[in-house]
Amino acid sequence: MDPARTLGPAQIDVLAQLFVSTILLGGIYALIAVGLTLIFGIMRVVNFAHGEFLMLGMYLAFWSFALYGLDPYLVLVAAIPLFFLTGLVTYALVMKGVIRASHNVQIFTTVGLSIALQNLALVLWTGDFRFVRPWHASVILRVGASAFNLSQVVAFAVAVAFTIGLFAFMKWTHAGRVMRATAQDRDAATLMGIDTDRVYRLTFAIGIACVGVAGVLVSPLYSVYPTAGLQFVLLAYVVVVLGGLGDMVGALLGSVIVASVEVVGSYVVGSAWKEVLYFLLFIAVLVFRPAGLFGQRGAENLGV
Amino acid sequence: MHRRHLVVVSAVVLALALVAGSSSGQAPSGEYKIGLLEPLTGPLAFEGKRHLEGYEIMRDMINDRGGVMGKKITFAVGDATDPTAAASEANRLITRDGVKIITGTYSSTLCGAASEAASRQNVIYWESSCVDPRFARRGLKNVFRTEIDGTGFGWYNIEFIAKHLAHRFNLRPNQLKIAFISEDSSYGQGVTEAARQRAKQEFGMQEVASEYYAFASTNDFTPIIVKLKQLNPDVVHHIARGNDAVLFWRQSREQQFVFKALVHAGATGYGSPDFGKALGADGNGPFVLAEPGPGLRLDALRPEAQKLEREFTEAVKKRTGAEPYASHRLAGAGLWLLKLVLDEAKTDELDRFRSAVMSLDLPVGSTLNGWGVKFAENGQNANERVQHYMLQWQNGQMATVWPEEFTTIRAKWIPLGPWDQRK
Amino acid sequence: MKKHAGAIVLFAVAALTPLVIRGGFFLDSLVIILLWGAISAAWNVAGGYAGQVSLGHAAFFGIGAYAAALVSARWQQSPWLGLLVGMLVSVAAGLIIGYLSNRLRGPYFALSTIAFSQVLLIVASRWRGFTAGSEGIPVPFRPGFWTLGLGHVAWVYVALALAVVYYLVEVYLERSRIGYQLAGVREDEEAAEALGIASRRLKVFAIALSAALTSIGGSLWAQYIGFVDPFYVFSVDLSVRFALHTIIGGMGVALGPFLGAALITALETSLRAHFSGIKGGYVGLYLVTYGVILILVVRFVPEGLAGLAARVRTRTIRAHA
């Protein structure tokens, strides 16, 4: 008989712990999703290689730590320009040529990129699991009867900061408005004098910077290996669709929702079926509200 | 013909030519080529690579001793990244390299597909590592396996828990509360189900939970741990695959989830040196059923086996800079046993090979890993001869602690007790 | 007839090859090329002809594979029966998926198909009682036609028969009224609706048909390879592969999937062979090469090989004009 059925002080502790876990897990997912919602939202490209950039971020943190003893939170600062640059280069070499092509071509370009990056990592660094163990990876914070890891809290804080930052950027800066305009109607934007190529380049670079930073931040929490991106990528898509494409706050909220489905699902139904739960949720959203829970109705057909 | 058709047909002919042109040829005389299939790319690549290393090191050791059938062994290597590729590579090795024996392959789906492909060409298939229980039950005469079958792992784990742990907790086996957690690959499911069955049917242990999770997408065990805390198991039987072991152990500590023992089986998860690297002394306590490590009493082995052990371990250390992983050992032991068979049969012709296989009968302690050998009619090396050991994490190292007649180190922290008191 | 010269040549070569080349490796590659080509043609029915680019076709492949495996291993019946059962279940699945995702376009549709295939993967890998869970199902090999226990040469002809039939299905779609309607839906759904075409129903029909054909391919694959692993038969990798073959070879063109399958499979196989001798750790290089080639081909030949042939022809015509 499930002990969670009755509500006593022990159960409140349980709920509190589950709540904390949900929020923190949601933070991690948000970090990864924020970059994706930009790329998918503005460029309407299903980027199969998104997880690989996460993986590269994790390896950056690992090698900086292993070779130079640098803490991931220091590497974080350098990671932003580094991955921004990576995004620019990737765009120039790979994405630019297919930006005007059909969606299928774009998808398969990113599929090729994904395969190439995964195996590059395999060849360079082998398939062994690596770990980043800075001093704060084992620091446990306790609030009441709930326990959580310092690294999780920092990841959450950074996710929120990024989300707020990007939200502000999209809403109030000229560049942000231009990006949103291009997302709505590429041709109209061009007619208005917007250099869509530059917009896409910027979007992609910011998106990659976000996911690279996410990789650095989560490196103390998970092991690092060439296919590490896979475990997060599908989930990131669920979050992005749930929250509405291009919607920063939606990505954060969507992450929390997905995280809660996972956490509560694991607790109640058992971890074996939790993915089924969020995939079913995903399908439900796609069928009934493809614009996402927080997006405008009909937005899903823009640019598609 | 129109140009268009020309282009199309040329492309196709080019494609076929690409396939036809990939040839490696037969081995020069003085060399005996054996086909080796491993996952060298894809998610299992890190294990495939170690398997390959173990095979190569053992090959050199065998060649130093004169090789097989008077010739030096060489390998024709194939990358079995998924079942279709496994079958394709098996066919390539057989047709292009002319091998009569294929060995490998590490994972259940790969060994299933590769052995099928080999059977259809009447080539001997010598499996050293996959543990699918149905592997040897297909009635295939050319298929052999040196490693124990997966149900044996679960069987041994419960044996250990029931006969060596229970009474030290002052509990009878049927008073023991046991929780089963496992990653959901074929390995995890196979071992866990075998363990669950034996625990319930033979010992009447009380199963309080049975949770499977997807290794690839599980990043947080807190919900499971919170649930288990309330169910209060004595023993946690956790089959892990990689970082999930580290994550679970760390989060159990965070949640102050205390249990009397944790038992795992196999070279992954808790059985991987990565666990010790990640946690150091914080990882003290878990038991792992695996190939032997430090603490193994070499003098408990036969002299020939001792020599093999020492040489193999040294060679692996020299090449990789670390102690042998279980995958090294499985590959090495598998190849050594193949050599014994070929020495006896003096041929790779199936019928004589088979009788040589059946005629091998060596007691535990005779070869690498302290294994013995005795094959059943279905080509499976008997579980009782494939000696498995219980290891325990002690101060960043997996020490061999059971069976006690084979080991110098004893198990500690039984029961585990509070988290900060396991020094 | 001239239009189909390419196909006739390709299939004729495939038919005559086993008479000349007996090596297991070549024949095995041929079977896989034909099988993958056929399944990609099945994908093309939905993806190329109806414009429903699915990245979850492994769902149907897996259903077919499991049906064949279960019927043959568990219930000891002929796998041909499994093929039939798989087809029926796949049609049902295709109808459900088609109906639910009816209003979705482009990447959303693709993502929904991924989600469906993953749900099936999880169910198959956990439902131990029925599917043996993650351990998968070894498919017994019983010699004989009725049990699909065949040698390499026989398999070539079975796969070839499948390929030819699927090619003809595609050709029929191209020529028939339904095919024209599908083309209309594919190019501009709103315009098609305005013309009175029942676009929604057509889309569901295309997906269901594609599902049935894919499933049959999956059943045959299961019997050929002999082991059904849920993590492989329902994988996104496999779904991507079927789409990839068609895109490389030419979407909406009957011969496209076969060209793509031939090229990609041959490329992979030969790269693997040439790189296998390399020191263990560097084997991954062949996949890096493969990924880069993929990026280049998709970029420079976006209309696929068949489209390239058309491009060459157009230039030739212009040159001579």
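Residues numbered from 1 in each chain as written. Chains lettered and ligands numbered in written order. Predicted model: local features only at pLDDT ≥ 70, side-chain atom pairs only at ≥ 80, totals over all residues. Heavy atoms only, no water.

1. Things to note about the overall build of chain B
At step 1: For chain B, the count of helices and strands is twelve helices and 14 strands.
At step 2: For a compact globule of 423 residues, the expected C-alpha radius of gyration is about 22 Å, and chain B comes in at 23 Å, within 12% of that figure.
At step 3: Here the C-alpha coordinates of chain B stretch approximately 80 × 60 × 40 Å along the principal axes.
At step 4: Scored against the burial criterion, the 423 residues of chain B give a buried share of 66%.
At step 5: Expressed as a percentage of contacts within chain B between residues at least 6 apart in sequence, the contacts between residues at least 24 apart total 68%. (Helix = DSSP H or I, 4+ residues; strand = E, 2+ residues; numbered from the N terminus. Rg over C-alpha atoms; globule rule 2.2 N^0.38 Å. Buried < 20%, exposed > 50% of the residue type's maximum accessible area, 1.4 Å probe, protein only. Contact = heavy atoms within 4.5 Å.)

2. Structural notes on the pairing of strand β3 (residues 101-104) of chain B
Residue and element names in this part refer to chain B.
At step 1: In β3, alternate side chains face the same way, and those of Ile-101 and Thr-103 on one face and Ile-102 and Gly-104 on the other are all buried.
At step 2: Where strand β1 (residues 31-38) meets β3, three bridges bridge the pair, whose relative direction is parallel. By the bridge assignment for β3, Leu-36 is matched with Thr-103.
At step 3: Pairing between β3 and strand β4 (residues 124-127): four bridges, direction parallel. Across the sheet, the residue bridging to Ile-101 is Ile-124, located in β4.
At step 4: Crossover connection from β3 via helix α4 (residues 108-120) to parallel β4: handedness right-handed. (Pairing = 2+ DSSP bridges. Right-handed = clockwise from strand over helix to strand, strands pointing away.)

3. Brief notes about the interface of chain B and chain C
At step 1: Chain B puts 54 residues into the contact, and the matching count from chain C is 61 residues.
At step 2: Summing both partners gives a buried area of about 4900 Å² for chain B against chain C, and 67% of it is carried by carbon and sulfur.
At step 3: Along the contact surface separating chain B from chain C lie two salt bridges.
At step 4: The closest approach of N and O atoms between Arg-272 of chain C and Glu-89 of chain B, which form a salt bridge, is 3.3 Å.
At step 5: Joining chain B to chain C, the criterion identifies 16 residue pairs in polar contact (both at pLDDT 80 or more).
At step 6: Sorting the residues of the side of chain B that touches chain C by element identifies α1 (3-21), α2 (45-64), β2 (72-79), α3 (83-96), α4, α6 (186-201) and β7 (206-213) of chain B as the ones contributing at least two each.
At step 7: Here the element with the most residues in the side of chain B that touches chain C is α1 of chain B; it accounts for 14 residues.
At step 8: Looking at the side of chain B that touches chain C, its residues break down into 21 nonpolar, 18 polar and 15 charged. (Buried area = accessible area lost by both parts, 1.4 Å probe. Salt bridge = Lys/Arg side-chain N within 4 Å of Asp/Glu carboxyl O. Polar contact = N/O pair within 3.5 Å; in protein donor to acceptor, adjacent residues only side chain to side chain. Nonpolar A, V, L, I, M, F, W, Y, C, P; charged D, E, K, R; others polar.)

4. Quick look at the interface of chain A and chain B
At step 1: Opposite the 42 residues of chain A that make contact, chain B presents 38 residues.
At step 2: Together, the buried faces of chain A and chain B total about 3200 Å²; carbon and sulfur atoms form 52% of this surface.
At step 3: Sorting the residues of chain A by area buried against chain B places Phe-129, Phe-131 and Arg-133 of chain A first, and these three jointly supply 17% of that buried surface.
At step 4: Across the chain A-chain B interface, the total number found is one salt bridge.
At step 5: With a shortest N-O distance of 2.6 Å, Asp-128 of chain A and Arg-50 of chain B are connected by a salt bridge.
At step 6: For the side of chain A that touches chain B, the secondary structure elements donating two or more residues are α1 (9-43), α4 (103-125), β1 (140-143), β2 (146-149), α9 (230-243), α10 (248-268) and α11 (274-288) of chain A.
At step 7: Ranked by residue count, the leading element in the side of chain A that touches chain B is α1 of chain A, at seven residues.
At step 8: Its residues assigned to classes, the side of chain A that touches chain B comprises 23 nonpolar, 13 polar and six charged.

5. Quick look at the nonpolar core
Grouped burial of nonpolar side chains is what soluble globular proteins tend to show.
At step 1: If you look at the biggest cluster of nonpolar residues, it comprises 336 residues, and the most contacted ones within it are Phe-108 of chain A, Trp-126, Tyr-270, Phe-287 and Phe-353 of chain B together with Trp-36 of chain C.
At step 2: When neighbours within four sequence positions are excluded, Tyr-270 of chain B is seen to be in contact with His-238, Ala-240, Ala-245, Phe-248, Trp-249, Leu-262, His-264, Phe-275, Pro-286, Val-288, Trp-393 and Met-398 of chain B. (Core = buried A, V, L, I, M, F, W, Y, C linked by side-chain atoms within 4.5 Å.)

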